[in-house]
Amino acid sequence: MNYPITEAPGYLDQLIIYEIATKGFTSPEGPESGTFASLAEKMPYLEELGINGIWLSGHQQCHGSHFYNIWTEYACIRPDRLDESLGTEAEFKELVACAHRHNIRVFLDVITHGVMADSPLVREHPHWFAGGSWGMTDYDWYGGHEDLDEWWVNTWMWYITECGIDGFRLDVAHYRNDLWALIRKKAKEWGKELVIIAESGPAIRGVTDVIQCGETISHNWGRNHSTGLLENVADYCRDRQERREERYDVEICYEDGTVQTSQANEGLSRRKVLRLAGMEYDTLLVEEEVPGIAYVNQMGILRIENVYQRKPIHNIKISDWEGHDWNSNQAETLGKDFYITYQREGTALVARFPLRMQDGQRFVIQLSCHDNGWDGFPLDQDPYGLKGSRYLAGYACLLAPGIPIFMAGEEFHAAYRPLPRLTPGLFGEGEPGRGRWLYGAWLDWEQQRIPEKAAMLWDMKRLIALRKELGNFIKPCRMGERERNFCSIAYESREELPIPYYYQEGQEGLLVAANPWEDREAEAVFLWKELLEPGAVYQVQSLFGEPEELVETGEELRGHVWKIKRDKQPGGGLLVLRIRRMEEQP
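Caption draft 1: Quick peek at the pairing of strand β21 (residues 341-345). In the sheet, β21 pairs with strand β22 (residues 348-354) via five bridges, with the strands oriented antiparallel. Bridge pairing in β22 places Arg344 opposite Leu349.

Caption draft 2: Structural view of the packing of aromatic side chains. The final tally for this structure, using the stated rule, is 39 aromatic pairs. With centroids separated by 6.3 Å and ring planes inclined at 75°, the aromatic side chains of Trp374 and Trp437 adopt a geometry described as edge-to-face. One end of the pair, Trp374, is in the loop between β23 (364-366) and α9 (390-398); the other, Trp437, is in the loop between β24 (403-407) and α10 (451-469), with 63 residues separating them in the sequence. Here Trp374 and Trp437 have matching classes, each one buried. Between Tyr501 and Tyr503, the ring centres sit 5.8 Å apart and the planes meet at 80°, which makes this aromatic pair edge-to-face. According to the relative accessible area criterion, Tyr503 is buried, its value standing at 0%. In this structure, Lys42 packs its charged tip against the face of Trp445, placed 3.7 Å from the ring centre. The ring of Tyr11 carries Arg105 above its face, with NZ or CZ at 3.4 Å from the centroid.

Caption draft 3: Looking closely at the sheet that holds strand β31 (residues 549-553). The strand order across the open sheet formed by six strands is β25-β27-β28-β33-β30-β31, and the pairing between neighbours is antiparallel. Pairing within the sheet leaves two strands with one partner each, and these edge strands are β25 (486-488) and β31. Going across the sheet, the axis of each strand differs from the next one's by a mean of 25°, ignoring polarity. Sitting on the sheet, helix α8 (residues 233-241) is in contact with β25 and β27 (501-505), with an inclination near 120° to β25. Across the sheet, α9 touches β27, β28 (508-514), β30 (537-544) and β33 (574-582), and the angle it forms with β28 is around 140°.

Caption draft 4: Layout of the pairing of β22. β22 sits mainly inside the fold: six of its seven residues count as buried. The pairing of strand β18 (residues 293-305) with β22 spans seven bridges and is classified as antiparallel. From the neighbouring strand, Leu302 faces β22, where its bridge partner is Ala351. Taking the residues that link successive antiparallel strands as the turn, the β21-β22 hairpin has two residues, and the phi of Gly346 there is positive, at about 65°.

Caption draft 5: The arrangement of the nonpolar core in detail. Counting residues in each nonpolar core, the largest one holds 148 residues, and the members touching the most others are Tyr18, Phe92 and Phe168. Considering every element that reaches this core, the biggest residue donor is helix α6 (residues 146-161), with eight residues. Counting residues in hydrophobic clusters, the runner-up holds 21 residues, among them Ala513, Ala536, Val540 and Leu550.

Caption draft 6: Region of the structure containing unusual backbone geometry. The peptide bond linking Gly201 to Pro202 adopts the cis configuration, its omega dihedral lying at -5°. Tracing the sequence through the fold places Pro202 in the loop between β10 (195-198) and β11 (210-211). Here the amide bond leading from Val290 into Pro291 is cis, since omega sits at 25°, within 30 degrees of zero. With respect to the helices, strands and loops of the structure, Pro291 is situated in the loop between β17 (275-288) and β18. The phi angle at Lys387 is positive, at roughly 55°, despite the residue not being glycine.

Caption draft 7: Broad picture of α6. Between its terminal C-alpha atoms α6 stretches 22 Å, which fits the 22 Å expected from 16 residues at 1.5 Å a residue. Within α6, burial applies to Leu148, Asp149, Trp151, Trp152, Val153, Thr155, Trp156, Met157, Tyr159 and Ile160.

Caption draft 8: Spatial organisation of the pattern of salt bridges. Using the criterion set out here, one finds 42 salt bridges in the structure. Here Arg184 and Asp209 are joined by a salt bridge, their closest N and O atoms 3.0 Å apart. Taken together, the residues span a long stretch of sequence, with Arg184 in helix α7 (residues 177-190) and Asp209 in the loop between β10 and β11 at a distance of 25 residues. Residue class for Arg184 comes out buried when judged on its relative accessible area of 2%. The residue Glu518 makes a salt bridge to Lys568 at a minimum N-O spacing of 3.3 Å. Here the residue Glu518 occupies a position in the loop between β28 and β29 (522-527), and Lys568 occupies one in the loop between β32 (562-564) and β33, the gap between them amounting to 50 residues.

So, how was this worked out
- Residues numbered from 1 in each chain as written.
- Predicted model: local features only at pLDDT ≥ 70, side-chain atom pairs only at ≥ 80, totals over all residues.
- Heavy atoms only, no water.
- Pairing = 2+ DSSP bridges.
- Helix = DSSP H or I, 4+ residues; strand = E, 2+ residues; numbered from the N terminus.
- Phe/Tyr/Trp six-rings, centres within 6.5 Å; stacked < 30°, edge-to-face > 60°.
- Buried < 20%, exposed > 50% of the residue type's maximum accessible area, 1.4 Å probe, protein only.
- Lys NZ or Arg CZ within 6 Å of the ring centre and 35° of its normal.
- Axes fitted to C-alpha atoms, helices over the stretch in contact; angles between N-to-C directions.
- Contact = heavy atoms within 4.5 Å.
- Core = buried A, V, L, I, M, F, W, Y, C linked by side-chain atoms within 4.5 Å.
- Expected span 1.5 Å × (residues − 1).
- Salt bridge = Lys/Arg side-chain N within 4 Å of Asp/Glu carboxyl O.

Below is the structure:
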């Protein structure tokens, strides 16, 4: 058949994505009154900020109080209708056109699992639906409904061809790789190269391009202290690319209630413990004559030994060490993309499952998203990820080799203010106005007049501008790559600091170092080793941090003491140096 795979657009490497919850982003008539028109008025601000992609989580017809007692994109009634409270079709089209005039692409949120139970779609097409989740009614994606498939493709193609939308973010799961591959194909034939973002994965070549929460600095319950991005960006990214830290645990539940796991000390266990005998990888090319699409799905192949030979299996669950689960019984999970197929071989079985981080996939680094402050988050804490940290913004995200994503308000360290109706509980439980879900933030643009917040905004603009200016150095690394232009740099300091990292392109280099301490400055000597020739002459310019410019030999630079201001102050938390080897000393 040999159908072409619709690849990701080249501009994906340059994206800086900014999430906007339409209702709370602006307030022309008070809380929850944001509209397409009022958002369009903010486009000059967003262009000046420097972002070039909007993840718009608010456009379609939705319920006004299902989640957290507020209007949300995720309580979808009809994806094929715009919500009248947000504006008209003409205003929506003008919003997208306005974004494009300001060099900003627009990506829509897609609620893939279903709609509200009282949606007209359920009454009009009852055969399209089966079961439910999140208090909603779910599409019957695997029921063989050709009319559902056609409607789904036509719905999203309308947003592309009639409104100019540039791509989509798929909430929860893809469900149907074939339909998204077809949407990509049709869009390209029409003249639009889409970016399709999976919420949690997998990113499958020809279907979805990146994982929104691929690498997370903050998430639903606060800062992600387990990620190596906070302490050693270069080595963490290298290890991820080479799959050095991929580890899996397995649990098998049998029909008779017996449970086996691989999590035990085999030498001391009184139970029959599963043994994982090794992981292999396979690349699966999927081609479908109708509708003429192709995509590539990379599979993990895990041999599991010491299973019960005669017991019927109810479910196999494979879990990675980052908290993601795959299941053989799809009734056990909402994540239908994370499935397991298996074959028994006596007292062993061979499980196949799609890899979450597939080869060629670009890294995404999420500073924050709307899910920060999820149900159960402490009501006395701020759900924003940055909280004014230049160290996190620069070292761990904007200057690191990944595609940045962050939530509106982070750029000026907005003081969190919940919408008046926002409750702490997912389905409206608790006192209104006490919630901490970041989707329900009510942005107060007057806060930018506060000197501390104005300084943060200025520094974020500088960092975003650096990211774009230094595009020849900073590119999102890809899973499976062995060649890279960055490495970690050893240092000497009285303080414990994140490991600096260094980009090299030709005769130029870029060093990124950080000081996470809020109460003290740091001094560091960088151990450049083989990166700088002792007798060669280098021009060094500070691009962020203590202003400094000097011309010295490699030997002199090896002994130079660099100051890094304390974090959460103007120009603090970060030091960025550009190094250029000179042909001769001036």
